[in-house]
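Secondary and tertiary structure notes
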Amino acid sequence: MTDSVNTEAMVQPQMDQQVILPLIQAALDARASAYAPYSHYTVGAALLAAEGEIYTGGNIENASYGASNCGERTAIFKAVSEGRRGFAAIAIAGGMEGEEPADYAYPCGICRQVMKEFAGAGFKVIVAKSLCDYKVYGLDELLPHGFGGDSIR
Ligand code: ZN
């Protein structure tokens, strides 16, 4: 864990719409990459790296349901496997295949934990139904008193 990145400089307390809206659009678009033949619930996630790149992911289901992976973790693991370690925000959009999101798709507990491992200071979680209907949370709001690397140092 030597190459952690300080994202504080790029994340303002109120994240700018110029940052949020492209991220939401990328999450909405990423739903098309989902593999969800069982639930037909497609999730797209778009992760903003501290360096500015956006990594996207969709949920990937499996006939052995427990082997499925959420869109958020797909995006995070893609980014981490390409050397990224610090992140500023993630946008998430989900809904029934071929339909606009009917509700906000909040990240599951496992994804919140994975976010905690790599989230930079001020990391934001954006859940979106559309470009004009979304909510922004701090990770601490979604995972209070979480267990992280600091807990075992
Ligand atoms: Zn999840």
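First, a word on what this report is: a plain description of the structure on this page.

1. A look at the coordination of the zinc ion
With distances of 2.2 to 2.3 Å, the protein atoms coordinating the zinc ion are Cys70 (SG), Cys108 (SG) and Cys111 (SG). Along the chain, the residues that donate to the zinc ion are spaced as C-x37-C-x2-C. Under the relative-accessibility criterion, Cys108 is labelled partly exposed at 30%. A residue is classified by how much of its surface remains accessible, and Cys111, at 0% relative accessible area, is buried.

2. Brief notes about the nonpolar core
One finds Leu47, Ile76, Phe87, Ile90, Met115, Phe123 and Val125 to be the most contacted residues of the largest nonpolar core, which totals 25 residues. Elements with a minimum of two residues in this core: strand S1 (41-49), helix H2 (71-81), strand S3 (87-96), helix H3 (109-118), strand S4 (119-130) and helix H4 (139-142). In this structure, Leu47 is in contact with Leu23, Glu53, Ile54, Tyr55, Ala75, Ile76, Ala79, Phe87, Ala89, Ile90 and Phe123, ignoring residues within four places of it in sequence. Judged by nonpolar contacts, the second largest core, of 15 residues, contains Ile20, Leu23, Ala89 and Ala91.

3. Overview of the side chain of Arg31
With respect to the element layout, Arg31 can be found in the loop between helix H1 (17-30) and S1. Nearest to the buried, unbridged Arg31 among oppositely charged side chains is Glu100, at 5.6 Å. With residues near it in sequence (within four places) discarded, Arg31 still touches Thr42, Val43, Gly44, Ala93, Gly94, Gly95, Met96, Glu97, Glu99, Glu100 and Pro101.

4. A look at H3
Along H3, the residues that are buried comprise Cys111, Arg112, Val114, Met115 and Phe118. Viewed along the axis of H3, the buried residues span an arc of 165 degrees, placing them on a single side of the element. Structurally, H3 contributes buried residues whose contacts are with H2, S3, S4 and H4.

5. Examining the sheet that holds S4
Across the sheet, five strands lie side by side as S2-S1-S3-S4-S5; this open sheet has mixed pairing. The outermost strands of the open sheet, each flanked by one partner alone, are strand S2 (54-58) and strand S5 (133-138). Strand-to-strand twist in this sheet, taken as the mean axis angle between neighbours without regard to direction, amounts to 20 degrees. Bridging between S1 and S3 involves nine bridges; their strand directions are antiparallel.

Conventions used here
Residues numbered from 1 in each chain as written. Predicted model: local features only at pLDDT ≥ 70, side-chain atom pairs only at ≥ 80, totals over all residues. Heavy atoms only, no water. Donors = N, O, S within 2.8 Å, 3.2 Å for Na, K, Ca; no water. Buried < 20%, exposed > 50% of the residue type's maximum accessible area, 1.4 Å probe, protein only. Core = buried A, V, L, I, M, F, W, Y, C linked by side-chain atoms within 4.5 Å. Helix = DSSP H or I, 4+ residues; strand = E, 2+ residues; numbered from the N terminus. Contact = heavy atoms within 4.5 Å. Lys, Arg positive; Asp, Glu negative; His and termini not counted. Salt bridge = Lys/Arg side-chain N within 4 Å of Asp/Glu carboxyl O. Arc of directions from axis to C-beta. Pairing = 2+ DSSP bridges. Axes fitted to C-alpha atoms, helices over the stretch in contact; angles between N-to-C directions.

Nothing here speaks to function; it is all geometry.
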